[in-house]
Amino acid sequence: MVPVGSTVSFPNADHIFHNVFSLSKVMLFDLDYYPAGQTRLVTFKRPGVVQVYCHLHADMGAAILVVPTDRWTRPRPDGSFSLTGVPAGSYELVAWHRAAGFFRKRITLRAGEPTAVDLTIPLRGPEESGPVAERGGK
């Protein structure tokens, strides 16, 4: 996850060439072939999900979530999260999960009061018959 305007480095630490690219609408790029020890830089100017791949390595891939604000966080291993320094007001909380997509929830923050948010992202594993919940906190 990176804020809009961030530059991401794609180094090659392997002994063979890489060719990193994205066909995503948010950021279309192809970094061409480059050898070990070199890196390529990409600056992300629009928010959204950018899927990244390598022409030479079918098993290599990444998703970069480019966010339009500096107010973002990642959940802890237990699924809880917190954001600090957000002024009182009404907001749309947006969560993203690589397998499940985007989820939105309207929240209202009051000055000086922590706000608990319960956000459930339904996920199914191959051996599960029902959804698994990932939960967030303050």
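See the structure printed just above.
Residues numbered from 1 in each chain as written. Predicted model: local features only at pLDDT ≥ 70, side-chain atom pairs only at ≥ 80, totals over all residues. Heavy atoms only, no water.

(A) The side chain of His18, seen in detail. In this structure, His18 sits in the loop between strand 2 (7-11) and strand 3 (20-23). A polar contact is formed between the side chain of His18 and the side chain of His57, at a distance of 3.3 Å. Leave out the neighbours within four places in its chain, and His18 touches Asn12, Asp32, Tyr33, Tyr34, Cys54, Leu56, His57 and Met60. (Helix = DSSP H or I, 4+ residues; strand = E, 2+ residues; numbered from the N terminus. Polar contact = N/O pair within 3.5 Å; in protein donor to acceptor, adjacent residues only side chain to side chain. Contact = heavy atoms within 4.5 Å.)

(B) Quick look at the pattern of salt bridges. Counted according to the given criterion, the structure contains one salt bridge. For Glu92, the salt bridge is made with Arg104, and the minimal N-O distance between the two is 4.0 Å. With Glu92 in strand 8 (residues 89-97) and Arg104 in strand 9 (residues 101-109), this pair connects stretches of sequence that are twelve residues apart. (Salt bridge = Lys/Arg side-chain N within 4 Å of Asp/Glu carboxyl O.)

(C) How the structure looks around the layout of surface pockets. Of the volumes computed, that of the largest pocket is approximately 1,200 Å³. Lining the largest pocket are 48 residues; nearest its centre among them are Trp72, Thr73, Leu83, Leu93 and Val94. Looking at the lining of the largest pocket, the elements with two or more residues in it are strand 7 (61-67), strand 8 and strand 9. Looking at which element gives the most residues to the lining of the largest pocket, the answer is strand 8, with seven residues. Taken as a whole, the second largest pocket holds about 180 Å³ of empty space. Considering the residues around the second largest pocket, the lining is formed by 13 residues, among which Phe10, Val20, Val52, Cys54 and Met60 are closest to the centre. Where the lining of the second largest pocket is concerned, the elements lending two or more residues are strand 2, strand 6 (48-54) and strand 7. Looking at the lining of the second largest pocket, the element that brings in the most residues is strand 6, giving three residues. Residue composition of the lining of the second largest pocket, grouped by class: nine nonpolar, three polar and one charged. (1 Å grid on protein atoms, 1.4 Å probe; cavity = no way out; pocket = protein on both sides within 12 Å on 5 of 7 lines; lining within 4 Å. Points joined across faces, edges and corners; volume = space filled by probe spheres on them. Nonpolar A, V, L, I, M, F, W, Y, C, P; charged D, E, K, R; others polar.)

(D) Spotlight on the nonpolar core. Counting residues in each nonpolar core, the largest one holds 15 residues, and the members touching the most others are Phe10, Phe29, Phe44, Val50 and Ile64. Elements that contribute at least two residues to this core include exactly strand 2, strand 6 and strand 7. Aside from chain neighbours lying at most four places away, what touches Val50 is Ser22, Ser24, Val26, Met27, Phe29, Phe44, Ala62, Ala63, Ile64 and Val66. Judged by nonpolar contacts, the second largest core, of nine residues, contains Phe81, Leu93, Ala95 and Ile107. (Core = buried A, V, L, I, M, F, W, Y, C linked by side-chain atoms within 4.5 Å. Buried < 20%, exposed > 50% of the residue type's maximum accessible area, 1.4 Å probe, protein only.)

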